[in-house]
Amino acid sequence: MIRQHYTGSSRRAVNVIWNAAGRYDFDPPFLAFFPNGDADDYFNLVIGLAAKWLDLDRLNAFFEGLGLSNTAQEASAVLWLGIENCVFQKELPDRPILAQLRKERAEAFYVYSAGLSRQQMMLQSMKVFDQEQARWADVLGKKAVLSPAAVSLSKELMFPGDLDTDGVIREMTRICEERFRLRGGYGAELPYRKIAVRGLADAFARRFMKRELRSTDLLILRKGSGNGDRKGSIQLGHRIGQAHTSGSSEKDQSYIRDCFGPCLYSDREMRILENALCTGTDAACRLWIADGSGSRHGGAAAEVPDTDHSVMDASSAQSQERLLQQEQENQRLRNVRFYQDHIFRIQENIRDLTAQTDTIFASYMNDLPKRSRRGRIDAEKAWRLPVLSDPDVFWSDSDITEFSVTVDLLLDASQSRMNNQEMIASQAYIIAKSFESCGIPVRVSAFRSLRGYTVLQRLKPYKDKKCKGIFQYYAGGWNRDGLCLKTMDYLMKDEQETMASRRILLVLTDASPNDSMQAPPDEKHLFAREYEGDLAVQDAADAVRQLQRDGIRTAAIFFGASTHLDNVHRIYGQNYVRIRSLSQFSDAVGALLKRALEDRGAA
């Protein structure tokens, strides 16, 4: 079960919203931040008060209906000033301190605007900036020099406190129609305006519009709660033309589903995951988590011959998706054949690594506690003592021991691994079989990126003891290492309540992240950048550091070219070993495992 995680500024913002709303049973669809990333406490308070006094779900539906155009973003930003005045008037009698908080927010606006450079001012939406200036000047008793049209709009945005949800939506609909030329009416899938520009002008327009969206979106940042799956739903951090929407990539999603099978998680859970992870450098990306253990092919698939598709008739009725499925099955057969041809050396490696693993983990065994009438009290069972007269509500140490460790094995399955697929599958099989023989739960996943999706395939779940699904390993596509590592971090943290106390992530990699999906423009970069080289390596390194800070011991098994040795060192520090052949595999992995279990391997 994937849940919404809040950290840093997001956690602060959500807590303010919950406190203002007087309830904690919902994921707010909006969060507010200052341009520097700090939580905007006042506007998060406004969002909470909107949840208290108005129907936040209906407001969310209204804003979703406005669409994704630049004009719609401007409208959303200024309309929140109207909501602010309405809930301020409603709450002020019960919370007089609100007037002081509002004044401080007005002063913060002028501090921020005074520090803007000329270039930053050019990137602002002046329509939004003028309305903010009008509102905060009024709060501080200042005079703002504005055009007659801006003054008129600012007066219309002074929504009175006696409006209910219907009244607020009615006012917002009128402003959208008269001031922004957007057709109003909440609850409908409204079309949005498209700007048709061609050639070189198109490239510049799209880039500058992305930047402007970033500026206008600072007032209220649309986050999505995991429930906002309607067409046109705006997601956290996504630029115009690159946002996740349920209907914008149906063909690509269908292709991914046909190639790799259905997603293991619900649409709502994947929306939560994408909202949390597909931001910043990965703002234009999507995620897909599938079962790659071979269950989709059935028993008959094992008899499919190894077909050479290069000589296949181009007019074949088979679809591209079917051809890929066929090639995946052919590669599984090649992986099995390699295992059979080298079975004696592989079995020897399994025996050696099993013995080393057993010795290494023996130093990290935890006593398995048992129920007792004395010892450490179990808070969850303490009620049984007075209510049921059950004295066994304590924990005491026993002579039984177990390994309190789980291992995740992550395989780079990009096209750069195409010439080593059989070797990589056998390496993963050796590790998984060795750990399973020692009673260590192991999960094996492969990843690659394709059509903007980073696809994570589960080749072996924790409960699978036979490990045969690993031979479904297939290389193809690109690899966005940073996003995949962030995804593993999120999922492993999500499972931490039910999993072992020590968690290890081992990555089989060539340390060469490279993806076709560009990193979008941001505050420091006016234009999009290719996801390769230093950018990609640093992105992966940042993800590894976060894994370590979260207590997940992360290390790499490097099987690649010497030209990428510097990359693997930058990404994983000292926590990696280089493998050149199966003969050195067990000793190298054993040494890496011991290093990963040391305390210095985690933050």
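Structural data are supplied above this passage.
Each value, and the rule that gives it
- Residues numbered from 1 in each chain as written.
- Predicted model: local features only at pLDDT ≥ 70, side-chain atom pairs only at ≥ 80, totals over all residues.
- Heavy atoms only, no water.
- Helix = DSSP H or I, 4+ residues; strand = E, 2+ residues; numbered from the N terminus.
- Buried < 20%, exposed > 50% of the residue type's maximum accessible area, 1.4 Å probe, protein only.
- Contact = heavy atoms within 4.5 Å.
- Areas by Shrake-Rupley, 256 points an atom, 1.4 Å probe, with all protein chains shown as cover.
- Pairing = 2+ DSSP bridges.
- Axes fitted to C-alpha atoms, helices over the stretch in contact; angles between N-to-C directions.
- Polar contact = N/O pair within 3.5 Å; in protein donor to acceptor, adjacent residues only side chain to side chain.
- Parallel < 35°, antiparallel > 145°, perpendicular 65-115°, else oblique.
- Left-handed = near helix turned anticlockwise from the far one by under 90°.

### Observations concerning the overall build of the protein chain
Across its full length, the protein chain holds 20 helices and 16 strands. Looking at the 603 residues of the protein chain, the share that counts as buried comes to 53%. Expressed as a percentage of contacts within the protein chain between residues at least 6 apart in sequence, the contacts between residues at least 24 apart total 74%. For the protein chain, the exposed area adds up to about 27,300 Å²; of that, 50% sits on carbon and sulfur atoms.

### Describing the sheet that holds strand 15 (residues 552-558)
What holds strands together in a sheet is hydrogen bonding between their backbones, with the strands either parallel or antiparallel. If you trace the seven strands from one edge of the open sheet to the other, you get 3-11-10-9-12-15-16, paired in mixed fashion. The open sheet is flanked by strand 3 (286-291) and strand 16 (576-578), the only strands paired with a single partner. In this sheet, neighbouring strand axes are inclined to one another by 20° on average, regardless of whether the strands run parallel or antiparallel. Pairing of strand 15 with strand 16 involves three bridges; the strand directions are parallel. Bridge assignment links F558 to a residue of strand 16, and that residue is R578. Contacts from helix 16 (residues 421-437) reach strand 9 (405-412), strand 10 (442-450), strand 11 (453-460), strand 12 (502-509) and strand 15, with the element oriented near 160° to strand 12. Together, strand 12, strand 15 and strand 16 form the strand contacts of helix 20 (residues 585-597), whose direction differs from that of strand 15 by roughly 155°.

### Examining the environment of S416
Note on placement: S416 falls in the loop between strand 9 and helix 16. Note on S416: relative accessible area 45%, which makes it partly exposed. Taking the C-alpha atoms as reference points, S416 and D510, separated by 94 residues in sequence, lie 8.2 Å from one another. Only 2.8 Å separates the side chain of S416 from the side chain of D510, close enough to count as a polar contact.

### Quick look at the packing of helix 3 (residues 56-65) against helix 4 (residues 70-91)
Geometry of a packed helix pair, given as the angle between the helix axes and the separation of the axes. Following both chains from N to C, one finds helix 3 and helix 4 inclined at 155°, their axes separated by 11 Å at the closest point. One way to sum up the angle between helix 3 and helix 4 is to call them roughly antiparallel. The two elements helix 3 and helix 4 meet at a crossing, and its hand is right-handed. Contact residues: helix 3 offers L59, F62 and F63, while helix 4 offers S76, L79, W80 and I83.

### What about unusual backbone geometry?
Notably, R451 is not glycine yet its phi reads approximately 55°, a positive angle. Among the secondary structure elements, R451 is positioned in the loop between strand 10 and strand 11. The backbone of C467 shows a phi angle near 70°, a positive value even though the residue is not glycine. On the secondary structure map, C467 appears in the loop between strand 11 and helix 17 (481-494). When its relative accessible area of 0% is taken as the criterion, C467 is described as buried.

### Overview of the environment of W136
Following the sequence through the fold, W136 ends up in helix 7 (residues 126-140). Using a relative accessible area of 0% as the deciding quantity, one classes W136 as buried. It is 9.7 Å that separates the C-alpha atoms of W136 and E104, two residues lying 32 residues apart in sequence. Look past the residues within four positions of W136 in its chain and what remains in contact with it is Y42, F43, L81, R102, R105, A106, F109 and Y110.

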